[in-house]
Every structure is written in structure tokens, then in C-alpha cells.
Amino acid sequence: MLSLCCEKKNRTMGNPNFLKNPLVKFLLAIVLFSLSYILGIHTNTLSSTSPAPSLLQNQQLSLSCLQQNSSLPDLDFGPHHRLSLPQEPFKDLPFFNFCSQNFTHYCPCHDPNREMLFSTERFFHRERHCQEPDKKLRCLIPKPIGYKKPFPWPKSRDYAWFKNVPFKKLTEFKKSQNWVRLEGDLLIFPGGGTSFTQGVRGYVEEIAGIVPLKSGSIRTVLDVGCGVASFGAFLMDYNILTMSIAPVDKHEAQVQFALERGLPAMLGILSTHRLPFPSRSFDMAHCSRCLVQWTNYGGLYLIEIDRVLRPGGYWVFSGPPISWKVRFKNWETQAQDMEKEQNKLEDLARRLCWKKVAERGHIAVWRKPTNHLHCIKKSKTWESPPFCINSDPDAGWYMKMETCITPLPNVTDIHDFSGGALLKWPKRLSAVPPRIRSEGISVRAYDKDNQLWKRRVEYYGKILESLSKGRYRNIMDMNAGIGGFAAALIQYPVWVMNVIPFDAKKNNLSIVYERGLIGTYMNWCEVFDTYPRTYDLIHAYGVFSMYMNKCNILDILVEMHRILRPEGAVIIRDDVDIIVKLQGIANRMRWESKFLHSENGPFHPEKILLIDNSKQILHPTIL
């Protein structure tokens, strides 16, 4: 009996069914979770050099940020996110050397030494001719000896430091016309010009008696052969923004003078290629003795002006042959020659369907029609140039000019504005541009973009305090989209060159102009049509992502260094991996750079590289 009981007890204790007991299961679960927790802590300690902050620490950091208001804390990527940042790819890149002093005012695509390689026919040698990629400079353009920080706007409109633009030819060659005077170490711009016998202010007032400059309907103007851009300078009194263009010529650095004054300008000439602007861009075009052969080559150059003029836009022309009856002796020409030349000009304007508004003194004004309904009917009678059929009217990058009229969008009524009428300035800036429909952009997307850039610019004002202090005047947006960045900056005393890469997925430069802003096409694998040290702030959104596989990003950064003023700033926003690469190069260009989160916070992959040289005191000769 005793042996039977013992045998039964042994069978019971060895029975595996005891695992079904709930208490046993609970105890085993506790043991397993405890082991996992201990193992996890041990592994994390071995694989991390800095533990994640506690909730209390995060709350304290947030409170500190709020208390500091305008100042932002140094950013530490380690404790805020788990992005695996790549190693600096250019850590072995040597520091960039400075070019020799004779490159101080160098414009690579407008090198006078290369002009001799190209034909002088139609001034083709004066167009942009860039170096081959393997011959690009990889050195930094030095400042002129004695360079000083330019005067702030609006004082810069009238004064500049001579050592910043050390050229005397204009002060001597145009001395009697009072373009610019040299007094001590100052350049003074009194507002004179070849056709401005009463000064530019009086000249503009004469035009205002013919063209409604004060109405707000004239906002964007093209000034061909701009001189030192005094015409555009005084149009600003009417809230008019002028794109001034002139080539590199014997007068030396006219465009450089203009930009030093804080006025929109770029190198450009009417030669063989279209101007780098879309069709229907400008409310007015102007030429004051700009020496363009308007009636030659089948009227090619006036046809190009017609392309970029908006429906109902004005062409203002002064100088020979206008008013030839009383002025031909001063021009040292024959009266019959001037009469013949003016008749040819009048005939060409008529065949373009332009209507002459007035001729007063030495100024003549024509107006482009608001649509082409009437012109199409009369074109054969007038023997007008044919209408273009296959060419893209907005193509403006290395696109040959044609002797055909760019047709305006169709309308149904003779009183309609082709493409849609624009509101007067300043309502035009925020109103929905008519062309967003043809570009496939919804009204909702347009409004969303405006709000996005207002938020971004507000953030820029926090990370770059100089922006709100009026430190910058000339600003470039290297990838402008639909102009949201420039529109958000309207509160500041700045102007923005809105650049649209010529091969961007969407050509939105026409929208930029319809908003009352200015800009140009560009290929950032080449260099921009400007002189060194002509922009105070450069904004680059997504530019390097776009060009990463198209050309060497080193060359883009070197070009940015060339056109940036010595105490200027750069804001680059792009993907975090690209920002890391760019910072490695920027450090070797002797730029003061900071790696920052965007306004989207630490968990967003888009980051900002901020370069602020306002405190930089190193001089090329010291480095």
C-alpha cells in the first residue's frame, strides 16, 4: 500500500501538465520580461555614447527656447533624432586659394580676352561665351584693395565707394553728361545721362506726362542699354521695378555701378539670342540712345522687344532719330538720313501693330495692342512679319531670335486683354496670376505656397538677424519657383532677382513677372551674368539636389562666392545629406557656416546651411 502511494506521487510530480497552471505561467512571463529589459539596457549602453534625454530634460529645453525668443540654441543632432549622418565627404579637400588680384572684377562668361574668338557681326562677341567646364576657375575672387561695405539703401542710390568700383572712364568720358562724378573717395550719381538734359528726374516726369507711371498699371520695366541705371533708380519713386541691362563695353562696368548702387541690373545685349525672359513680361520697355540697330536685320530687335512686352505695354524711345528736325546738327548727321531712319522705325512699329501714343521733344512712345484680333486681319495689307508657329514663346535660354511676331493668346472680343488683365500694383503681388492655369497650378496650391514662404521668411528673420535690420539690398533666389520667397520679403527694403533654372520641371518665370516681380532664366552649371560682389544675400532652395548629377557642385559654390558681397549671407535649404556635403566645402572656402534645422523641426529631413559673413574679419592677404 505504501509503495503504491509513493509510485502515484512520483508520477504526479513528473507530469508535464503542471505548465498549464496559471500561476506558473505568470511567474515565467515576469522572468522573461525582466531578462529582456536587462538585456536591452545593456545593449543600448554599449551602442550609444550619449543616452536619450529624459522627458523632464526635453521640457526644460523647450522652456529655455521660449524664454530666449529671438536667439536659438546650438543644435545637437545626436539627442534629437536618429538620422545616420554621412561622414564629411570633403574632409581631405584643401582650402581654396584666392585668385590673383587682376581677377578682382572678373566675369567668366564675358571675358574681353575671349571676345576676340567670336564674330563681331551683330555684336555676337559681346554675348555670353562661357569657359569649358574643365577650364573653370577653382579659386576665390579677391576683394579690391581698400574695399568698404557699400552704403545702405537708399543712400546707396546716390553714393558709392570708389575703391569698390575703381573705374574712372565713365567719370571722364561722360563728364559733360553728369552720369557719375568722382569726389575724393566717393562716386556720386547726380542723375545725369546722355538724353537726360534736365536730369533723370525731369526726364521721368516727361514720360509720366505720356505714360501712366503713377497709376500702378506699370510695374515691370526693361531698360536696354541702361548706363548706370539712373532711369531705373528714379522709377522706384513710382513703385516701378526695372530690369536694367547693358553689355561689357568700353565705358567699363556700367552694370557693376548699377548693382553697387543697389539697383536691379545684369549683363545683357540684343545680338543673336533672345533675352533671358519669358514672353509678356514687361509693362514697359525703354531705350535712351542705347545704340541698338532697331530697323536692321529685318527688325529683329524690335520684334524681340515685342515678344517680352505685355499686351497693352509701352515702348519708350529717346535719341536719334526722334526729333531729327531740330537735333540733326548736334548729332553731326544729314537731315535726310535721320528722316529716312525715323520713317523706317515708324513703319516697323506699325507693321508690329503698335500704335504711336505721342512724340514730345526727344521722346516717342508706342503701345502694343492688347490682343491680335485686328492685327491678324491687317497683317497681309501691312506686309507685317509672319506670326511664329512652332517656337515656344517663353523659351529664353540660348534661343535664337526669329523675325516672326510672337502671337498673343486668343481672345473673342477686340477689347479683351490676351492672357488676362493684371491688377494694379500692389494688389498684383498677392492676386492669383492668370498664367497659373496654363502651368497647371491650382488657386489652392498658389495660396498654400504663399503661406509657406511667409512662414519660412519669418523663420529666416530669427536665424539671420541682419535680414530685419536692413543690412541687405540685392538678393538672389537661385530657384524661385513662383516667387513666394520674394513676395514674402516685400516688407523689407530689398529687391530680388528671381532665377528659374532653364531646365526646371515647370517654367514659372512668367508667373513671377505677372506678380510684379523680376527675374531671369539660368543654367547653374554656368556662371551668372553679373560682376563679382553684387549680391548681399543668396537663397538656394533645392538647387544642389537639382544639379547634383548635372555638374560639379564645387563650381556652383565657387560661383556663389564670386557674386556674394564680402559681408553677405547665404541660405541653403536642402536634404540633410546634401547639406553635410556642402558644409564640408563651405568650410574650405573660409565661410562661416552653421548647420540648422528648418522651421519644420528636428525630425524633418530638410535642413538649412546658414552662411553669415557679417562678422568675418579675415582678409585674403592675411590668410
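None of these values were measured; they are calculated from a predicted model.

**Structural notes on the packing of aromatic side chains**
In the structure shown here, the tally under the stated rule is 23 aromatic pairs. Ring geometry for Y203 against F231: centres 5.9 Å apart, planes inclined by 70°, an arrangement best described as edge-to-face. With Y203 in helix α7 (residues 199-208) and F231 in helix α8 (residues 230-235), this residue pair connects regions lying 28 residues apart in the sequence. Relative accessible area serves as the criterion here: at 2%, F231 is assigned to the buried category. Here W315 and F317 contribute two aromatic rings whose centre-to-centre distance is 5.1 Å and whose plane-to-plane angle is 10°, an arrangement assigned as stacked. In this pair, the class of W315 matches that of F317, namely buried. Taken together through their ring pairs, the aromatic side chains of W294, W315, F317, W354 and W366 make up a single cluster. Directly above the aromatic system of Y297 lies the positively charged group of R122, at a separation of 5.4 Å from the ring centroid. Above the face of the W161 ring, K148 is positioned so that its terminal group lies 4.1 Å from the ring centre.

**What to know about helix α15 (residues 443-463)**
Taking 1.5 Å per residue as the helical rise, α15 with its 21 residues ought to reach 30 Å, and the 31 Å between its terminal C-alpha atoms agrees with that figure. On its buried face, α15 sits against α14 (427-430), α16 (484-488), β14 (535-541), β15 (564-575), β16 (593-597) and β17 (606-612).

**Remarks on the side chain of H561**
Examined against the element boundaries, H561 turns out to sit in helix α19 (residues 553-563). Setting aside chain neighbours within four positions, we find H561 in contact with L140, I141, M589 and W591.

**Some details on empty space enclosed by the protein**
Across all of its chains, the model carries 5 cavities of 30 Å³ or more by this definition. By volume, the largest cavity amounts to about 240 Å³. The wall of the largest cavity is formed by 18 residues, among which R128, I269, R274, P276 and D529 lie closest to the centre. Tallied by class, residues from the lining of the largest cavity come to 9 nonpolar, 4 polar and 5 charged. Considered as a void within the structure, the second largest cavity measures approximately 60 Å³ in volume. Taken together, R274, L300, I303, E304, R307, C388, M401, E402, C404 and T406 form the lining of the second largest cavity.

**Topic: the state of the cysteines**
With the rule as written, the count across this model stands at 6 disulfides. In this model, C388 is linked to C404 through a disulfide, with the two sulfur atoms separated by 2.0 Å. Judged by the sign of its S-S torsion, about 95°, the cystine formed by C388 and C404 is right-handed. Residue C388 is found in the loop between α13 (373-382) and α14, and its partner C404 is found in the loop between α13 and α14; the two are separated by 16 residues along the sequence. With respect to burial, C388 and C404 carry one shared label: buried. Considering cysteine sulfurs only, C109 is the nearest to C107, which forms no disulfide, with 9.1 Å between them. Judged by its relative accessible area of 7%, C107 falls in the buried class.

**Notes on the pattern of salt bridges**
Taken as a whole, this structure holds 28 salt bridges when the rule is applied. One salt bridge connects D529 with R128, and the closest N-O pair in it is separated by 2.7 Å. A residue pair is termed long-range when its members are at least 10 positions apart, and D529 in the loop between β13 (518-522) and β14 and R128 in the loop between α5 (112-115) and β1 (159-161) qualify at 401 residues. D529 sits in the buried class, given a relative accessible area of 9%. Looking at R128, the relative accessible area reads 11%, which means it is buried. In this structure, the salt-bridge partner of D237 is R157, at a minimum N-O distance of 3.3 Å. Note that D237 is positioned in the loop between α8 and β5 (241-246) and R157 in the loop between α5 and β1, a separation of 80 residues in sequence. Classification of D237 as partly exposed rests on a relative accessible area of 45%.

**As for the pairing of β15**
The element β15 is extensively covered by neighbouring structure, given that 9 of its 12 residues are classed as buried. Pairing analysis gives 6 bridges linking β14 to β15, with the strands arranged parallel. Paired with Y541 across the two strands is R573, which belongs to β15. When β15 meets β17, the two strands line up antiparallel, connected through 7 bridges. Across the sheet, the residue bridging to I571 is L610, located in β17.

**So, the confidence of the model for the chain**
On average, residues of the chain carry a pLDDT of 86, and 83% of them reach 70 or more. The low-confidence segment residues 1-16 (pLDDT under 50) makes 0 contacts with residues lying over four places distant or belonging to another chain. Counted against residues more than four places away or in other chains, residues 616-623, with its pLDDT under 50, gives 8 contacts.

**A short note on the sheet that holds strand β12 (residues 495-501)**
The strand order across the open sheet built from 7 strands is β13-β12-β11-β14-β15-β17-β16, with neighbouring strands paired in mixed fashion. The open sheet terminates on both sides in strands that have one partner only, identified here as β13 and β16. In this sheet, neighbouring strand axes are inclined to one another by 20° on average, regardless of whether the strands run parallel or antiparallel. Running over the sheet, α15 touches β14, β15, β16 and β17 and is turned about 45° from β17.

The rules behind the values
- Residues numbered from 1 in each chain as written.
- Predicted model: local features only at pLDDT ≥ 70, side-chain atom pairs only at ≥ 80, totals over all residues.
- Heavy atoms only, no water.
- Phe/Tyr/Trp six-rings, centres within 6.5 Å; stacked < 30°, edge-to-face > 60°.
- Helix = DSSP H or I, 4+ residues; strand = E, 2+ residues; numbered from the N terminus.
- Buried < 20%, exposed > 50% of the residue type's maximum accessible area, 1.4 Å probe, protein only.
- Lys NZ or Arg CZ within 6 Å of the ring centre and 35° of its normal.
- Expected span 1.5 Å × (residues − 1).
- Contact = heavy atoms within 4.5 Å.
- 1 Å grid on protein atoms, 1.4 Å probe; cavity = no way out; pocket = protein on both sides within 12 Å on 5 of 7 lines; lining within 4 Å.
- Points joined across faces, edges and corners; volume = space filled by probe spheres on them.
- Nonpolar A, V, L, I, M, F, W, Y, C, P; charged D, E, K, R; others polar.
- Disulfide = S-S within 2.5 Å.
- Salt bridge = Lys/Arg side-chain N within 4 Å of Asp/Glu carboxyl O.
- Pairing = 2+ DSSP bridges.
- pLDDT = per-residue confidence, 0-100.
- Axes fitted to C-alpha atoms, helices over the stretch in contact; angles between N-to-C directions.

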